[in-house]
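# Structure at a glance
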Amino acid sequence: MYSKLLAGGVIAAAALVLAGASGARPQSTAVTTVVRVKAKDFVFVLSRKTVPHGRVEFVITNPSPVAHDLAIAGHKSKLVQPGKSRTLTVTLKRGHYPYRCTVDSHAKLGMKGVLVVT
Ligand SMILES: [Cu+2]
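A brief look at the structure comes next.

Thresholds, definitions, all that
- Residues numbered from 1 in each chain as written.
- Predicted model: local features only at pLDDT ≥ 70, side-chain atom pairs only at ≥ 80, totals over all residues.
- Heavy atoms only, no water.
- Helix = DSSP H or I, 4+ residues; strand = E, 2+ residues; numbered from the N terminus.
- Buried < 20%, exposed > 50% of the residue type's maximum accessible area, 1.4 Å probe, protein only.
- Areas by Shrake-Rupley, 256 points an atom, 1.4 Å probe, with all protein chains shown as cover.
- Donors = N, O, S within 2.8 Å, 3.2 Å for Na, K, Ca; no water.
- Tetrahedral: all angles 85-135°; square planar, octahedral: opposite > 155°, others 65-115°.
- Pairing = 2+ DSSP bridges.
- Axes fitted to C-alpha atoms, helices over the stretch in contact; angles between N-to-C directions.
- Core = buried A, V, L, I, M, F, W, Y, C linked by side-chain atoms within 4.5 Å.
- Contact = heavy atoms within 4.5 Å.

## Some details on the overall build of the protein
The secondary structure content of the protein amounts to two helices and nine strands. Each helix and strand of the protein, ordered N terminal to C terminal, gives the series α-β-β-β-β-β-β-β-β-α-β. Within the protein, buried positions represent 29% of all 118 residues. Summed over all atoms, the accessible surface of the protein reaches about 7500 Å², with 60% contributed by carbon and sulfur.

Printed below as a string of structure tokens:
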């Protein structure tokens, strides 16, 4: 009987801790993680392939002679012309997000990958 009450108390305390933790961070979007993306012919080089959930800012540079873009999670950057850069900011929940270049058949040529959001 006592142990059941105790167990109930522990669960209630755990629930309070969880509620407090989420209450302390009302927006998980407060922190922005920057991912530098080099769009080469024909591969993306990312500064990191795993990011915490929340806001993610992709800084896309294009050192190649061909225009590229970056599409992820239903968002797409503007076309990044050779020698230029663009940013794309998206808010991501935990999961695996495929990304690709949507120009011509670049994705088939290798401009694709998966970003892991923890
Ligand atoms: Cu491309």
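## Digging into the coordination of the copper ion
With distances of 2.0 to 2.8 Å, the protein atoms coordinating the copper ion are His68 (ND1), Cys101 (SG), His106 (ND1) and Met111 (SD). Coordination at the copper ion is irregular: its four donor atoms span angles of 82 to 137° at the metal. Sequence spacing of the donors to the copper ion: H-x32-C-x4-H-x4-M. Comparing Cys101 with His106 shows no difference in burial state: the two are buried.

## Topic: the sheet that holds strand β2 (residues 43-46)
Across the sheet, which stays open at both edges, the four strands sit in the order β2-β1-β4-β7 with mixed pairing between neighbours. The open sheet has two free edges, formed respectively by β2 and β7 (85-92), since each of these has just one partner strand. Taking the axes of each pair of neighbouring strands and ignoring which way they run, one obtains an average angle of 25° across the sheet. Sheet analysis places strand β1 (residues 32-40) next to β2, joined by four bridges and oriented antiparallel. Looking at the pairing, Lys38 lines up with Val45 of β2.

## A look at the sheet that holds strand β5 (residues 71-72)
Strand order in the open sheet formed by five strands is β3-β9-β8-β5-β6, with mixed pairing between adjacent strands. The open sheet is flanked by β3 (50-51) and β6 (75-76), the only strands paired with a single partner. With two bridges connecting them, β5 and strand β8 (residues 95-100) associate as antiparallel partners. What sits directly across from Ile72, in β8, is Tyr99.

## Concerning the nonpolar core
Across soluble globular proteins, nonpolar side chains have a tendency to be buried as a group. Counting 22 residues, the largest nonpolar core has Val37, Phe44, Phe58, Ile60, Leu70 and Leu115 as the members making the most contacts within it. For this core, the secondary structure elements donating two or more residues are β1, β2, β4 (54-61), β7, β8 and β9 (112-117). Once residues within four sequence positions are removed from consideration, Phe44 is found in contact with Val37, Lys38, Ala39, Asp69, Leu70, Tyr99, Arg100, Cys101, Met111 and Lys112.

## Notes on the environment of Val37
Here Val37 shows up in strand β1. Along the backbone, Val37 and Ile60 are 23 residues apart, and their C-alpha atoms lie at a distance of 4.6 Å. Beyond its immediate chain neighbours, meaning those up to four positions away, Val37 contacts Phe44, Val45, Leu46, Phe58, Val59, Ile60, Thr61 and Leu70.

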